[in-house]
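Given next are the chains, with one letter for each unit.
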Amino acid sequence: MRWLNKPSSIGEDFFVFWRFGFISTLFVMIMGCASDRPALEPRAGLVVERMSALPAPTGQDVAAASRTFLVSPFDRLQISVYGVEDMAQTLRVDSGGMIQVPLAGAINSAGLTLEQLSGEISRRLERYIRDPQVSVNLDETSTGSVTVYGQVQEPGQFPIAGRMTLMRAIALANGFTPTANTNNVVVFRTVNNQDMAALYDLEAIRRGTYPDPDIYANDVIAVDDSRSKRLFQDILQASPLLVTPIVVLLQQL
């Protein structure tokens, strides 16, 4: 260093010592952030919950979402019209909740009861059939669906068949877009009637730093969208290295 090799002014020596001390302090702060999650002050809409993983939803959480049966994406329905055998069919609701019924056309069935859907089909068939008697029965219900949106190739709702994990859910959406931030993936979930969210680093999961978390029906996965960034922006700014999942309780945002 120059101040060791030749004489210099007092001001120059002070500047060198100050810069060395500043860099040393900054280095220690960064290393501390990388190893220990910084404590966050609670604020409106964000309450930090110290836990190692996002808990699974309870049976009550699932029941609350389906207290009255409503047609959902990926359900399979049996539709028949009394006295018109050719109209009998079994069809599956698509990911957007739509079904295609001959003569009745495309119908958005998501959120309707079976009786409401039957009434809508009857109403549309009246121009072709006198007093149509339509019956709609549930042939098979999906085990639930997961919603994936943000920076993925094919955002949407996807059925859950068997055990689902975060990596598998991303694969259902055809993977990330080229601009996706795989270090910033948020899972939203309701547990015991409490909205929660967890931040995951997919690259860390791929490296085996921590396990690929389970995904359940009604989970919502956001890949580096503005809402997920805003939710965790304080944490991400303070500690860019995500070595464990971050779980928070959500109030109204």
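Note that this is a predicted model, so its numbers are computed, not measured. (Residues numbered from 1 in each chain as written. Predicted model: local features only at pLDDT ≥ 70, side-chain atom pairs only at ≥ 80, totals over all residues. Heavy atoms only, no water.)

Student: Could you give an account of the packing of aromatic side chains, with specific residues and numbers?
Tutor: Scanning the entire structure with this criterion turns up one aromatic pair. Between tyrosine 200 and tyrosine 210, the aromatic rings sit 6.4 Å apart at their centres with planes inclined by 45 degrees, giving tilted as the arrangement. One end of the pair, tyrosine 200, is in strand E11 (residues 194-200); the other, tyrosine 210, is in the loop between helix H6 (202-207) and strand E12 (214-215), and 10 residues separate them in sequence. Tyrosine 210 carries the same exposure label as tyrosine 200, and that label is buried. (Phe/Tyr/Trp six-rings, centres within 6.5 Å; stacked < 30°, edge-to-face > 60°. Helix = DSSP H or I, 4+ residues; strand = E, 2+ residues; numbered from the N terminus. Buried < 20%, exposed > 50% of the residue type's maximum accessible area, 1.4 Å probe, protein only.)

Student: An account of the side chain of aspartate 219 is requested, with residue identities and associated values reported.
Tutor: Locating aspartate 219 in the fold gives a position in the loop between E12 and strand E13 (220-223). On the basis of relative accessibility, which here comes to 1%, the residue aspartate 219 falls in the buried class. A distance of 2.7 Å separates the side chain of aspartate 219 from the side chain of arginine 189, its partner in a polar contact. Not counting chain neighbours up to four residues away, the residues in contact with aspartate 219 comprise Ser145, Val146, Thr147, Val187, Phe188 and Arg189. (Polar contact = N/O pair within 3.5 Å; in protein donor to acceptor, adjacent residues only side chain to side chain. Contact = heavy atoms within 4.5 Å.)

Student: Account for the pairing of strand E2 (residues 76-81), with residues named and values stated.
Tutor: On a regular strand, one side chain projects to one face of the sheet and the next to the other, so that they alternate. Covered by surrounding structure in E2 are Leu77, Ile79 and Val81 only, the residues Arg76, Gln78 and Ser80 on the alternate face being uncovered. In this sheet, strand E3 (residues 84-92) lies alongside E2 in antiparallel orientation, the contact comprising five bridges. Counted as the bridge partner of leucine 77 is leucine 91 from E3. Bridge count between E2 and strand E6 (residues 134-140): six bridges; the pairing is antiparallel. Paired with leucine 77 across the strands is leucine 138, a residue of E6. (Pairing = 2+ DSSP bridges.)

Student: Hey, could you go over unusual backbone geometry for me, with residue numbers and the actual values?
Tutor: For phenylalanine 74, which is not glycine, the phi torsion reads 80 degrees and is therefore positive. Mapped onto the secondary structure, phenylalanine 74 falls in the loop between helix H3 (59-65) and E2. Owing to a relative accessible area of 12%, phenylalanine 74 belongs among the buried residues under this scheme. Phi is positive for aspartate 131, close to 45 degrees, though the residue is something other than glycine. Here aspartate 131 shows up in the loop between helix H4 (114-125) and E6.

Student: Provide a residue-level description of the pattern of salt bridges, including the pertinent values.
Tutor: Note on pairing: side chains with opposite charge can pair once their charged atoms come close. Scanning the model with the defined rule gives six salt bridges in all. Put simply, arginine 123 and glutamate 120 hold a salt bridge, and the shortest N to O gap is 2.7 Å. One end of the pair is arginine 123 and the other is glutamate 120, both in helix H4 and three residues apart, which spans about a single turn. The salt bridge partner of glutamate 120 is arginine 124, with a shortest N-O separation of 2.8 Å. Of this pair, glutamate 120 and arginine 124 both sit in helix H4, separated by four residues, roughly a single helical turn. You can call arginine 124 partly exposed: its relative accessible area is 25%. A network of salt bridges, in which partner residues are shared, links Glu120, Arg123 and Arg124. (Salt bridge = Lys/Arg side-chain N within 4 Å of Asp/Glu carboxyl O.)

Purely geometric stuff here, so don't read any function into it on its own.
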